[in-house]
Amino acid sequence: MSARLGSYPSYTWRNIWGARHLLEEGLGWRIGNGKAMNIWNDAWLPGPGYGRVQVEETICHLFRDCHFTQQVLQGLGASVLPCNEETDWKMWLAIEFNNLNIEACRIRAIAYWAIWYNRNKIYHEGIREQAHEVIGFVKAYCTEINTLGVVLRQVQVMNSFKWKPLENNTIKVNFDASFNYHTRKSCSGVIARNNEGLVMAACTFPWEDVSDPVMAEAKACLQAVTMAEEMGFQDICIEGDALTIIQKINSAGEDKSEISCLIREIKERTSRFRRVSVRYISREANKVAHGMAMEGR
């Protein structure tokens, strides 16, 4: 009676197998030693009820009072609160979850799901898992969820490094510089994009007699401001991965470094725009300008 149809059944076997339910309705088990019988699904009892065990278990009993459930929860370190004497099932469950932190709520919810699944397997398939098997499943499932959470956070961090357009009509201008120590030359890479990410302008510009990478970055920033001014942009956001340059431009104090003249010129030019901001971004979010600067040298 428990035989399967199989992948490529013959016509005869398909018909025999399809009519087995007629036999199931009229046949009953002779107990014998009981080893081959499923007491939950097989017909073995005399009298009404189709010879099967008729047990109606309530949700309240399964999740709150069942000894099997208590074993699983204890194995997960999520025992039921002894002070919770609420008789209404839904209110009892609400009190339980209100007294738990988020992680404990997650474990408890997964545990109840696994217990309910185990109950259905007993009822429909006659397969009963042991408490330690359910506990192992819940722990493995929680570990998988936590792992996926870590991966998701990593993806979100990676996405935060990507270039993003502004929501308003502000033009975002990115700059970067490449520097050659031997020739003392640098190249600026500048690209301007609108709030849809469309390129409005772009250029590379070579510089000579550059003393160090800091000066190269300052000249690249100056070129970004100059290009934005020449294009007639009114609302701009200057972005670059040169933190030192960004800090000097945003500082209210007077710069006295070797590049002070460049910083003063950048500040003077930025004051001509209607709205302007100068922000630091990571190298990952500044890849286009960086690639232009590297290609142009």
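This text follows the structure it describes.
Residues numbered from 1 in each chain as written. Predicted model: local features only at pLDDT ≥ 70, side-chain atom pairs only at ≥ 80, totals over all residues. Heavy atoms only, no water.

Colleague: Any details on the state of the cysteines? Residues and values, ideally.
Modeller: Here, disulfide denotes a covalent bond that connects the sulfur atoms of two cysteines. Summed over the entire model, instances satisfying the criterion amount to zero disulfides. Among the cysteines around Cys187, which has no disulfide bond, Cys203 carries the closest sulfur, lying 8.8 Å off. (Disulfide = S-S within 2.5 Å.)

Colleague: Which residues make up helix α5 (residues 89-98), and what are the values?
Modeller: Residues of α5 that are buried include every one of Trp89, Trp92 and Glu96, and no others. Looking straight down α5, one finds its buried side chains confined to an arc of 65 degrees; they lie on one side. Turned more than 90 degrees from where α5 packs its buried face, Lys90 and Asn98 sit exposed. Taken together, the buried residues of α5 touch α3 (59-65) and α6 (102-125). You can read the cap of α5 off the contacts: a side-chain oxygen lies 3.3 Å from the backbone nitrogen of Lys90, and it is on Asp88. (Buried < 20%, exposed > 50% of the residue type's maximum accessible area, 1.4 Å probe, protein only. Helix = DSSP H or I, 4+ residues; strand = E, 2+ residues; numbered from the N terminus. Arc of directions from axis to C-beta. Contact = heavy atoms within 4.5 Å. Polar contact = N/O pair within 3.5 Å; in protein donor to acceptor, adjacent residues only side chain to side chain.)

Colleague: Please give an account of the environment of His132 that cites residues and values.
Modeller: As for its position among the elements, His132 is in helix α7 (residues 131-160). A residue is classified by how much of its surface remains accessible, and His132, at 58% relative accessible area, is exposed. Separated by 56 residues in sequence, His132 and Leu76 place their C-alpha atoms 9.8 Å apart.

Colleague: Account for the pattern of salt bridges, naming residues and giving values.
Modeller: Following the criterion strictly, the structure yields 15 salt bridges and no others. Measuring nitrogen to oxygen at the nearest pair gives 3.1 Å for the salt bridge that ties Arg108 to Glu96. On the criterion of sequence distance, the pair formed by Arg108 in helix α6 and Glu96 in helix α5 is long-range, its members being 12 residues apart. Exposure remark for Glu96: the relative accessible area of 0% places this residue in the buried category. (Salt bridge = Lys/Arg side-chain N within 4 Å of Asp/Glu carboxyl O.)

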